[in-house]
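Structural characterization, general
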Amino acid sequence: MGREDGRRRPLLIAAAAVVAVLVGAGLYWFEPWKLWQEQTVREAPPTTAPGVRPSGSAGPAALRTLATGDLISHEHTTRGEVKIIQAQDGSRFLRLEGLDTSNGPDLRVWLTDAPVKEGVAGWRVFDDGKHVSLGELKGNKGDQNYPIPADVSLSDYSSVSIWCDRFDVSFGAAALTPA
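Here's a quick rundown of the structure. (Residues numbered from 1 in each chain as written. Predicted model: local features only at pLDDT ≥ 70, side-chain atom pairs only at ≥ 80, totals over all residues. Heavy atoms only, no water.)

Turning next to the pattern of salt bridges. Tallied over the entire structure, the rule returns nine salt bridges. A salt bridge links Glu97 to Lys83, with the shortest nitrogen-to-oxygen separation between them at 3.3 Å. In this pair, Glu97 sits in strand S5 (residues 92-100) while Lys83 sits in strand S4 (residues 79-87), placing the two residues 14 residues apart along the sequence. Overall, the relative accessible area of 22% leaves Glu97 in the partly exposed class. A salt bridge links Arg95 to Glu97; the shortest N-O distance between them is 2.8 Å. Judged by its relative accessible area of 4%, Arg95 falls in the buried class. Counted as one network, the salt bridges with shared partners bring together Glu38, Arg79, Asp100 and Lys141. (Salt bridge = Lys/Arg side-chain N within 4 Å of Asp/Glu carboxyl O. Helix = DSSP H or I, 4+ residues; strand = E, 2+ residues; numbered from the N terminus. Buried < 20%, exposed > 50% of the residue type's maximum accessible area, 1.4 Å probe, protein only.)

With respect to topology, six strands assemble into an open sheet ordered S1-S8-S5-S4-S2-S11, the strand pairing being mixed. The open sheet has two edge strands with one neighbour each: strand S1 (40-42) and strand S11 (177-178). Direction of pairing for S5 relative to strand S8 (residues 141-148): antiparallel, over a ladder of seven bridges. Bridging across to S8, Phe93 finds its partner in Pro147. (Pairing = 2+ DSSP bridges.)

The next point concerns the side chain of Ser159. As for its placement among the helices and strands, Ser159 is situated in strand S9 (residues 159-164). Among the polar contacts listed, one links the side chain of Ser159 to the side chain of Thr112, at a separation of 2.4 Å. Here Ala114 takes part through its backbone oxygen, which lies 2.7 Å from a polar atom of the side chain of Ser159. With residues near it in sequence (within four places) discarded, Ser159 still touches Trp110, Leu111, Thr112, Ala114, Val116, Phe126, Ala174, Ala175 and Leu176. (Polar contact = N/O pair within 3.5 Å; in protein donor to acceptor, adjacent residues only side chain to side chain. Contact = heavy atoms within 4.5 Å.)

A separate point is the packing of aromatic side chains. To describe a pair of aromatic rings, one takes the distance between the centres and the angle between the planes. The final tally for this structure, using the stated rule, is two aromatic pairs. A connected cluster of aromatic rings, assembled from ring pairs, spans Trp110, Phe126 and Trp163. Over the ring of Tyr146 we find Lys138, and its NZ or CZ is 4.8 Å from the ring centre. (Phe/Tyr/Trp six-rings, centres within 6.5 Å; stacked < 30°, edge-to-face > 60°. Lys NZ or Arg CZ within 6 Å of the ring centre and 35° of its normal.)

Here we take up the pairing of S8. Here S8 lies mainly inside the structure; six of its eight residues are buried. Note: S1 against S8, three bridges, orientation parallel. Paired with Val41 across the bridge in S8 is Gly142.

As a further point, take unusual backbone geometry. Positive phi, close to 55°, is recorded for Asp106, a residue that is not glycine. Relative to the elements of secondary structure, Asp106 occurs in the loop between S5 and strand S6 (107-112). One non-glycine residue, Asp168, lies in positive phi territory at about 50°. Its location among the elements puts Asp168 in the loop between S9 and strand S10 (169-175). Using a relative accessible area of 36% as the deciding quantity, one classes Asp168 as partly exposed.

So, on to the nonpolar core. The biggest cluster of nonpolar side chains holds 24 residues, and the ones touching the most others in it are Val82, Leu94, Leu96, Val109, Leu111, Leu134 and Leu137. At the level of secondary structure, the elements contributing two or more residues to this core comprise S4, S5, S6, strand S7 (131-136), S8, S9 and S10. Every residue in contact with Val109, bar those within four places of it in the chain, is listed here: Leu94, Leu96, Val132, Ser133, Leu134, Gly135, Leu137, Tyr146, Val160, Ser161 and Ile162. Judged by nonpolar contacts, the second largest core, of six residues, contains Trp110, Ala114, Val125 and Ala173. (Core = buried A, V, L, I, M, F, W, Y, C linked by side-chain atoms within 4.5 Å.)

Quick look at the structure:
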């Protein structure tokens, strides 16, 4: 019996090492702790592009709403309002108001040309066509602004997705309606 235990010990150590590596890799990849972490962002509506002051104006610039939409849930329960707004200087922003979704790994805010579909059918459509990333999601709750690059033609995009780039799935999306 002693010899048999001596042969099993290296196998048990190797198996434990493999399990430890797999658990570590799984934790790194899935980041499950983010499901319990809330990150609230409370940004005021933008007034102009950073470092640019509207000509002839000492106060905040007037904002014009170009499009709006309401977020629907996909992979995770998601609520909030989306606005595409333009400042007096012509700079444009995507604004999320009252956002409430789950936190997750590698979340992005995307403008897309995909139609917004309810349920599971809408989870994976946003990377099939044209899309532009406006950056990492700043927080999973609250109000936040994302500059839209000047070379982006808004007429090419009809929706917004809170996109998990790591798992290629939409947490939630909104169809954009011109204001």
